[in-house]
Amino acid sequence: ADEAMVGLVGGTNFKDKSIRKAQKKIVTDNTASAMSHAFIIGEKRWYGKRWIIESDFDLRGPQMLVGVQENRIEKYFDDKAYPNLALLDFNLSKEHKDQILKESLELVASRAPYSFKEIFGIMVSFAGEQKRKKENSFSKDNSFVCSTLVQHLYAKAGIHFNPEVSGRHITPEDIYNTKASCKREALIRIK
C-alpha cells in the first residue's frame, strides 16, 4: 500500500453488516455491498508500522473513539472480522498525496466529529437518484462519515468517485465502484 491510496473493508460485525445491507439499494444486483468502510492509507512510520486516517466510531472499551482519527492499519488485519478488502490507487502526484495527507492530519488534530446525522441523510437519499444528486441537508462542515471524509479529501485532487452523487452522499459502495481511473486490488470473500 502506498500513501494516500484509498482502503476499503467489508466487515461482519453488526455495524458493518448493517452498512453493507443498507447500501443494497445502490448495488446493481440489489444485494448487500461488499464494502462497509473507507479510509486513507497514511504514512509508514520509521519503526515499520503503517497508519490510516478514517472517520469512525468505536464505542467499546473505556475510551470511546468517535470522529476523524489515525489508527494502525492492523486494525483491519482480522480476515474473519473483515473478509472483504480493497485498495484503490489513483496514481496521484506527490503534490496531491501530500495535500490529502496534510488535510487528513489537520482533521485528526482538530478532532473533526463523526457525522451521525449525515448517515440519516444518506439513507434518505437511497429513495431515488435525484435525492442522491442533491446536497445532504444533514451534513455539517468538517463532520464526516468514513466515505464522505475520503471523498472530501480526494476532491482536493479533483477526483469525485461518483459524479452523479453529491459528495456528502458518497458511500463505500460508490468508492469501490468508482468510474474514476484507478488500479483496484480486491479480495472479496463474502457478499
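Here the structure is a predicted model, which is why all the values come from computation and not from measurement.

*Asks:* For the overall build of the protein chain, give the residues involved together with the corresponding values.
*Replies:* Each helix and strand counted, the protein chain has six helices and six strands in total. Overall size of the protein chain, expressed as C-alpha extent along the three principal axes, is 45 × 35 × 35 Å. Across the 191 residues that make up the protein chain, the buried fraction comes to 45%. For the protein chain, restricting intrachain contacts to residue pairs at least 6 apart in sequence, the fraction spanning at least 24 positions comes to 68%. Approximately 10,300 Å² of the protein chain is accessible, and the part contributed by carbon and sulfur atoms is 53%. Each charge class in the protein chain can be summarised by its mean position, and for the 31 positive and 25 negative side chains these summaries are 5 Å apart.

*Asks:* Lay out empty space enclosed by the protein with the relevant residues and their values.
*Replies:* For the structure shown, the criterion picks out one cavity of 30 Å³ or more. The computed volume of the largest cavity comes to approximately 80 Å³. Of the residues in the lining of the largest cavity, the class split is six nonpolar, three polar and three charged.

*Asks:* Requested: an account of the side chain of Ser115, with residues and values cited.
*Replies:* Topologically, Ser115 is positioned in the loop between α2 (94–109) and α3 (116–125). Look past the residues within four positions of Ser115 in its chain and what remains in contact with it is Phe138, Ser143, Phe144 and Val145.

*Asks:* Any chance you could break down the packing of α2 against helix α5 (residues 146–155) for me, citing the residues and the numbers?
*Replies:* Axis angle and axis distance: for two packed helices, these are the angle between their axes and the distance between the axes, and together they describe the pair. Look at α2 against α5: their axes get within 9 Å of each other, and the N-to-C directions meet at 135°. The orientation of α2 relative to α5 falls into the category oblique. With respect to the hand of their crossing, α2 and α5 are arranged in right-handed fashion. Taken together, the residues of α5 that come into contact with α2 (itself represented by Ile100, Glu103, Ser104 and Leu107) are Leu149, His152, Leu153 and Tyr154. A breakdown of the residues in the contact of α2 with α5 according to their chemical character gives five nonpolar, two polar and one charged.

Rules of the game
Residues numbered from 1 in each chain as written. Predicted model: local features only at pLDDT ≥ 70, side-chain atom pairs only at ≥ 80, totals over all residues. Heavy atoms only, no water. Helix = DSSP H or I, 4+ residues; strand = E, 2+ residues; numbered from the N terminus. Buried < 20%, exposed > 50% of the residue type's maximum accessible area, 1.4 Å probe, protein only. Contact = heavy atoms within 4.5 Å. Areas by Shrake-Rupley, 256 points an atom, 1.4 Å probe, with all protein chains shown as cover. Lys, Arg positive; Asp, Glu negative; His and termini not counted. Charge placed at Lys NZ, Arg CZ, Asp CG, Glu CD. 1 Å grid on protein atoms, 1.4 Å probe; cavity = no way out; pocket = protein on both sides within 12 Å on 5 of 7 lines; lining within 4 Å. Points joined across faces, edges and corners; volume = space filled by probe spheres on them. Nonpolar A, V, L, I, M, F, W, Y, C, P; charged D, E, K, R; others polar. Axes fitted to C-alpha atoms, helices over the stretch in contact; angles between N-to-C directions. Parallel < 35°, antiparallel > 145°, perpendicular 65-115°, else oblique. Left-handed = near helix turned anticlockwise from the far one by under 90°.

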